[in-house]
Amino acid sequence: MALPSYASPLQRVWYYAFRVICALVFFYLMFPILVIVPLSFNAENFFTFTPEMLALDPAGFSLKHYVDFFTNPDWQLATRNSLTIAPMATLISVSLGTLAAIGLSQAHVPFKRAIMAILISPMIVPLIISAAGMYFFFSAIGLQGTYWGVVLAHAILGIPFVIITVTATLVGFDRSLTRAAASMGAGPVKTFFKVQLPLILPGVISGALFAFITSFDEVVVVIFVGSAAQQTLPWQMFIGLREQISPTILAVASLMVALSILLLATLEILRRRNERLRGMSPG
Amino acid sequence: MSETRTDGFVVFDRVQKSYDGETLVVKDLNLSMPKGEFLTMLGPSGSGKTTCLMMLAGFETATHGEILLDHKPINNIPPHKRGIGMVFQNYALFPHMTIAENLSFPLEVRGMGKSEREGKIRRALDMVQMGEFGNRRPAQLSGGQQQRVALARALVFEPELVLMDEPLGALDKQLREHMQFEITNLAHTLGITTVYVTHDQTEALTMSDRVAVFNDGRIQQLAPPEDLYERPENSFVAQFIGENNKLEGVVETINGDRCTVRLDDGTVIDAKPVNVTKAGERTRVSIRPERVESNPDRLASDAHLVDAEVLEFIYMGDTFRVRLRVAGNDDFIMKYRNAQDQGRYSPGQKIQIGWQAEDCRALDA
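Conventions adopted
- Residues numbered from 1 in each chain as written.
- Chains lettered and ligands numbered in written order.
- Predicted model: local features only at pLDDT ≥ 70, side-chain atom pairs only at ≥ 80, totals over all residues.
- UniProt positions renumbered as here; feature names shortened; annotations may be inferred.
- Helix = DSSP H or I, 4+ residues; strand = E, 2+ residues; numbered from the N terminus.
- Pairing = 2+ DSSP bridges.
- Buried ≥ 20, exposed ≤ 12 C-beta atoms within 10 Å, placed from the backbone.
- Contact = placed C-beta atoms within 7 Å.
- Nonpolar A, V, L, I, M, F, W, Y, C, P; charged D, E, K, R; others polar.
- Domains from an automatic or database assignment.

Quick word on the UniProt feature "transmembrane region" (unreviewed entry) in chain A
All names here are of chain A. Mapped onto this structure's residue numbering, the UniProt feature "transmembrane region" (unreviewed entry) falls at residues 20-41, 85-104, 116-141, 147-173, 199-229 and 249-270. Secondary structure over residues 20-41 splits into 91% helix and 0% strand, and the C-alpha atoms at its two ends are 31 Å apart. Segment residues 199-229 splits into 81% helix and 0% strand. End C-alpha atoms: 40 Å apart.

Concerning the sheet that holds strand β1 (residues 10-18) of chain B
Residue and element names in this part refer to chain B. If you trace the four strands from one edge of the open sheet to the other, you get β2-β1-β4-β5, paired in antiparallel fashion. On the outer flanks of this sheet lie β2 (24-33) and β5 (72-73), each paired with one strand and no other. With six bridges joining them, β1 and β2 adopt antiparallel strand pairing. Note on β2: the bridge partner recorded for S18 is L24.

So, helix α8 (residues 175-183) of chain A
An α-helical turn contains 3.6 residues, so a residue and the one three or four places further along point in the same direction. When you tally the buried positions in α8(A), you get seven out of nine residues, the bulk of the element. For α8(A), the full list of buried residues reads A:L177, A:T178, A:R179, A:A180, A:A181, A:A182 and A:S183. On its buried face, α8(A) sits against α9 (188-217) of chain A together with α1 (49-57) and β6 (85-87) of chain B. Taken from the residues just after α8(A), A:G185 is the one with a positive phi, measuring 105°.

Section: unusual backbone geometry
All names here are of chain B. Here E158, not a glycine, exhibits a phi torsion of approximately 55°, which is positive. Its location among the elements puts E158 in the loop between α4 (143-155) and β7 (161-165). Here the phi dihedral of A327 falls at roughly 50°; this positive angle occurs in a residue that is not glycine. Turning to its location among the elements, A327 is positioned in the loop between β16 (319-326) and β17 (329-337).

Considerations on the interface of chain A and chain B
The partner chain B presents 20 residues to the 18 residues of chain A that form the contact. Breaking the side of chain A that touches chain B down by element, the ones donating at least two residues are α8 and α9 of chain A. When residues of the side of chain A that touches chain B are assigned to their parent elements, the largest contribution, six residues, is made by α8(A). For the side of chain A that touches chain B, a count of residues per class yields nine nonpolar, five polar and four charged.

Some remarks on the domain arrangement of chain A
Along its sequence, chain A is carved into domain 1 (9-60) and domain 2 (73-246). Of note, the centres of domain 1 of chain A and domain 2 of chain A, computed from C-alpha atoms alone, are 34 Å apart.

A short note on the domain arrangement of chain B
Residue and element names in this part refer to chain B. According to the domain assignment, chain B consists of domain 1 (10-235) and domain 2 (243-364). Taking only C-alpha atoms, the centre of domain 1 and the centre of domain 2 are 39 Å apart. Taken together, the contact between domain 1 and domain 2 spans four residues of the former and seven residues of the latter. Residue classes in the side of domain 1 that touches domain 2 are distributed as one nonpolar, two polar and one charged.

Looking at the UniProt feature "domain: ABC transmembrane type-1" (unreviewed entry) in chain A
Mapped onto this structure's residue numbering, the UniProt feature "domain: ABC transmembrane type-1" (unreviewed entry) falls at residues 79-268 of chain A. End-to-end, the C-alpha atoms of residues 79-268 of chain A are 26 Å apart, and along that stretch the chain is 82% helix and 0% strand.

Re the environment of B:Q147
All names here are of chain B. Take Q147: it is sitting in helix α4. Each C-alpha atom of the pair Q147 and M179 lies 8.9 Å from the other, and the pair is 32 residues apart in sequence. Dropping the residues within four chain positions of it, Q147 is found in contact with Y91, P167, L168, L171 and M179.

Here's what the structure looks like:
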């Protein structure tokens, strides 16, 4: 969108001001994240840049916080917990969320909006309220402080993301494709796995990524519903901040940022692949 | 037709359909198709023709009545167990599969072995002249090519009945005409029973063995194309199929298959009674533009002649169209061939026209 030759002085000023504002917004969003990365290579146990680091002296940098993360048993337990809880919670969210989205996209579902609102509510209700509610409910049925308790709690938080992304994909889904499959003799299950699922897969996968990140980043619910044995990475970071203020947290944060970027890149690649398959953009 | 109600390859027996439990979209449908017939359901949108097709395919359930396929009721059989091939208006090819994979799908579902599948796929693609496109994806093909593939996919598992839901609706005119020919040719060569839904009457007339004209949830007339055009049984069919002039009046005398009708302005004309039974009944007569005669020498000596005023003379190359004012109707069209011995008219000219009594059909008002 280049500036047209007939632009008035005011339009010219706005043209550049707009770009400056955009740059500021990006700076505001990105800087706190980016600054963490060099800090995580700090040779000292500080959260600030040392004079050596500012002078780019190699002695000011070290991998000791990363080493700490990979050797400290507390961090190792937290990593293991996060990596066992998040995938299971994601699996449950994706299965239930996808089925719910497909069900709600059918033509004649009574109370469609009400059901949708209830399923989406974990995203809207303040987390602390959900967490407190789950704490009392899970205590009553013996799930509090167990692996499955945390998994189910995280699955509930992940379901809205899956429903929203899959519903969005289903809007563009041509119902005559499932009818065509049926006319060729494929039963509902075969039609789902061979025709519908491959085509809505990008929506399912983005939902899965959001559900995974939700569980992976979540601290409030896990503190309520989990016990010391389910200590996850965010929980460990939270404790680390409160009790020991170790820059290892920065190393962990950097790794999590890297993981998020990796997941988002995967998402984008899948989206493009799907568009190409549907012939929406030239291959 | 000598066939009884439930004797036929495809039978609709007193079928009704309502979506909301109050209004009937399909009202009392009775239809019997012999094996190998090409039947077209023709009608304006909302006439119930697509609903009928969907009930036959199993995607909608009949509210009342029975549908039989090969003498077996199919009301309670799910679509995927009916073994009916179907071609959709938007082709409905699976975009994530290649053309060959699309055709392979119905065969895999039937548990067919790889070599057998490959043979059938090749034959089906060759049949629609798409043999070289097996490895392409649907998005890489043009609309006409996609439609051919959709046709091949509906035929590859050798169903005895194929349903087509406005399959040529999205193609341009030239391609459509070519595909009409190809589809009828294929259907007849393979001996498949075909139910074809369209709102295009030319398509219906050129392709079908019989056409069922739908309106208001009922079949208005079920007849071969020629009967439909030449001998419409009611004024809806007369108006819907082809071009028709209509004049309104009252039946004056009936004598066997001849009657006279006094039009509202007092003019008396000859007609053939179709669904009027006694003198004094109101009627709407219908005459095809090409059956209107302006040369009295070619009419019977006792034929009634009607005064007409030429309003417009339209040169159309192979034919002439003359818009006339006849008995207060400003939109009466006469059409005749551009030939040496045919005269031309100019606006304002007063002429006399007439017709053979059997070409002028006295229908319901």
